[in-house]
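# Fold and geometry: a report
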Amino acid sequence: MNTNRDRLDDAIDDVVTRMVRVTENDALATQIINALPERVSWFGWLFHSWAPRLAMIAIVVVAGIVWGNRRPATTPQLDPLASTLTLPQPVVFVASVREAEPNRTMPVEPVEPVEPVELAKVDFDRSLAAVAAPGDLAIELLSPESLPAEDALAIAPLAIADLALTAESFPPR
Amino acid sequence: MLMVVTPEPAVANPEVVRLVALARTGDRAAFGRLIEDHLTAARRVALAAVGQPMDADEAVQEASVAAWTRLDALQDPAAFRGWFMRIVWRKAIDRRRSVRTWLERFGVSSSDDRPMEFAAADPAPDAVLISRELEIAIAQVVKALPRKLRDPFLLAASGDHRYEEIATLLAIPVGTVKWRISEARRLIRMKLDRLGHGDPR
């Protein structure tokens, strides 16, 4: 290493040393000491600061309010809404139902299971009889001469036979 | 060559132990004594990280408050110096990052581009006589170093820390510290050669 290189190293060291050199600042230590907060213990923050205390008080108050306003778990009884639609009174259609004794639960009778309908197994031959086509309406042609001159027109009422859709008309299975 | 001083190892200094014990009880004066004893070294550490004396002092102040509040976490009172320097370094690094982020967000040049302030040349008779041009060139080249190389190089230049302490501050092995300091010097010399400063008068 030649002399020039050594002088360059010295120059680098000189400049770099000055780059991290600090001037005296006696006021800094005093400034730091004055800025120190109160020392607290591990859980001291809970008692030495107003924010955590306020939060704890708020939690207790809210919990008390919630506890005081709690309700029993009951189903609310709501009055039925009034309806303008007039419905006929329900008719008792099952005469065999016995009147329940007070405070007694009626046994539930088993319900006949509903068999799924499969279209492939439908017996069309034993289904309902086909509805007969209504007879042709016979309409007589009227001519002005056939109408009465002064009497009111009278049309005979149409007579439509009742369809045979009664319980007896179903074929037995 | 840059001298890395070897201060006394962290032996149990009874005065430091006593002051730490008093500070733990809330004695501000005792903590103030501790801070005063380490203030210059702490300011150099922070200055090596942030490059600006005002930023360095603010980092030291933040670190002092943090040390005061966390004093109970210091397990070995005799190790106060190394513990405090680590806090100072972390606070300075945080400040360096936040300043750089803030400047980049507002389109200003990053903190690395700001001129690094450094003290005037030593008027002592045995001081190295270098031109102002070379002085500025060296400062610029040092500032342009990668932070991985610049940080240990400047910490070593402060003359307050052993290689082991620098390694602890930077959380890297001692061998890596030595290599980075050597590599930083090699790069500085190479760049100065390119700038025509290889032969100072």
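Residues numbered from 1 in each chain as written. Chains lettered and ligands numbered in written order. Predicted model: local features only at pLDDT ≥ 70, side-chain atom pairs only at ≥ 80, totals over all residues. Heavy atoms only, no water.

Within chain B, the regular secondary structure consists of 8 helices and 0 strands. Mapped in sequence order, the helices and strands of chain B form the string α-α-α-α-α-α-α-α. Across the 201 residues of chain B, 49% fall into the buried class. A separation threshold of at least 6 residues defines the contact pool for chain B, and within that pool the share at least 24 residues apart is 70%. As presented, chain B carries roughly 10100 Å² of accessible surface, and 55% of it is formed by carbon and sulfur atoms. (Helix = DSSP H or I, 4+ residues; strand = E, 2+ residues; numbered from the N terminus. Buried < 20%, exposed > 50% of the residue type's maximum accessible area, 1.4 Å probe, protein only. Contact = heavy atoms within 4.5 Å. Areas by Shrake-Rupley, 256 points an atom, 1.4 Å probe, with all protein chains shown as cover.)

Now for the overall build of chain A. Across its full length, chain A holds 4 helices and 0 strands. Along chain A, helices (α) and strands (β) appear in the sequence α-α-α-α when read from the amino end. Among the 173 residues that make up chain A, the fraction classed as buried is 12%. Looking at chain A as shown, the accessible area adds up to about 16800 Å², and 62% of this sits on carbon and sulfur atoms.

Residue and element names in this part refer to chain B. Mean pLDDT for chain B: 83, with 80% of residues reaching 70 or above. Across residues 5-9, confidence stays below pLDDT 50; counting only partners more than four residues off in sequence or on other chains, it has 9 contacts. Quick note on the complex model: pTM equals 0.57, ipTM equals 0.75. (pLDDT = per-residue confidence, 0-100.)

Of all 11 residues making up helix H6 (residues 147-157) of chain B, 9 are buried, and the element is well covered by its neighbours. Two residues or fewer past H6(B), Gly159(B) is found with a positive phi of approximately 75 degrees.

Negative charge collects at one region of the surface, where Glu24(A), Asp26(A), Glu36(B) and Asp37(B) lie side by side. Among the structural elements, Glu24(A) can be located in the loop between helix H1 (3-19) and helix H2 (26-34). Glu24(A) sits in the exposed class, given a relative accessible area of 68%. (Patch = residues over 30% accessible without salt bridge, like charges linked within 9 Å, V, L, I, M, F, W, Y side chains within 5 Å. Salt bridge = Lys/Arg side-chain N within 4 Å of Asp/Glu carboxyl O. Lys, Arg positive; Asp, Glu negative; His and termini not counted. Charge placed at Lys NZ, Arg CZ, Asp CG, Glu CD.)

Under the criterion given, the structure shown has 3 aromatic pairs over all chains. When the ring of Phe80(B) is compared with that of Trp83(B), the centres are 5.9 Å apart and the planes differ by 50 degrees; the resulting orientation is tilted. Linking Phe80(B) with Trp83(B), this pair stays in helix H4 (residues 80-105), spanning 3 residues, or about one helical turn. The exposure classification of Phe80(B) matches that of Trp83(B), with both residues buried. The side chain of Arg70(A) reaches across the aromatic face of Trp67(A), ending 4.1 Å from its centre. (Phe/Tyr/Trp six-rings, centres within 6.5 Å; stacked < 30°, edge-to-face > 60°. Lys NZ or Arg CZ within 6 Å of the ring centre and 35° of its normal.)

For the rest of this paragraph, the subject is the nonpolar core. Residues and elements named next belong to chain B. Grouped together as the largest cluster of nonpolar side chains are 73 residues, with contacts concentrated most on Phe 31, Phe 80, Phe 84, Trp 89 and Leu 192. At 13 residues, helix H2 (residues 28-50) tops the list of elements feeding residues into this core. Not counting residues within four places of it along the chain, the set of residues in contact with Trp 89 comprises Val 45, Ala 48, Ala 49, Asp 151, Leu 155, Leu 169 and Leu 170. (Core = buried A, V, L, I, M, F, W, Y, C linked by side-chain atoms within 4.5 Å.)

Turning our attention to the packing of H2(A) against helix H3 (residues 53-69) of chain B. For the pair H2(A) and H3(B), interaxial distance at closest approach is 9 Å and the crossing angle is 35 degrees. Relative to H3(B), H2(A) is oriented so that their crossing is right-handed. Between H2(A) and H3(B), the contacting residues are Leu28(A), Gln31(A) and Ile32(A) on the first element and Asp57(B), Val60(B), Gln61(B) and Ser64(B) on the second. Residues that form the contact of H2(A) with H3(B) fall into these classes: 3 nonpolar, 3 polar and 1 charged. (Axes fitted to C-alpha atoms, helices over the stretch in contact; angles between N-to-C directions. Left-handed = near helix turned anticlockwise from the far one by under 90°. Nonpolar A, V, L, I, M, F, W, Y, C, P; charged D, E, K, R; others polar.)

Before going further, it helps to examine the environment of Trp179(B). For Trp179(B), the location among the structural elements is in helix H8 (residues 174-194). Residues Trp179(B) and Leu149(B), 30 residues apart in the sequence, show an inter-C-alpha distance of 9.0 Å.

This paragraph deals with the packing of H6(B) against helix H7 (residues 163-170) of chain B. Residue and element names in this part refer to chain B. At a minimum axis separation of 10 Å, H6 and H7 run at an interaxial angle of 140 degrees. As judged from the angle between their axes, H6 and H7 are oblique. Two packed elements cross with a definite hand, and for H6 against H7 that hand is right-handed. Here Asp 151, Pro 152, Leu 155 and Ala 156 of H6 come into contact with H7, specifically with Ile 166, Leu 169 and Leu 170. Each residue belonging to the contact of H6 with H7 can be placed in one class, and the counts come to 6 nonpolar, no polar and 1 charged. (Parallel < 35°, antiparallel > 145°, perpendicular 65-115°, else oblique.)

Look at Ala171(B): it is not a glycine, yet its phi comes out positive at around 60 degrees. When you line up the elements, Ala171(B) lands in the loop between H7 and H8.

Quick look at the confidence of the model for chain A now. For chain A, mean pLDDT is 72; residues scoring 70 or higher make up 47% of the total. The spread of mean pLDDT over the elements of chain A runs between helix H3 (residues 44-48) of chain A, the lowest at 56, and helix H4 (residues 50-68) of chain A, the highest at 88.

Mapped onto the fold, Ser158(B) is located in the loop between H6 and H7. Not counting chain neighbours up to four residues away, the residues in contact with Ser158(B) comprise Val20(A) and Arg44(B).

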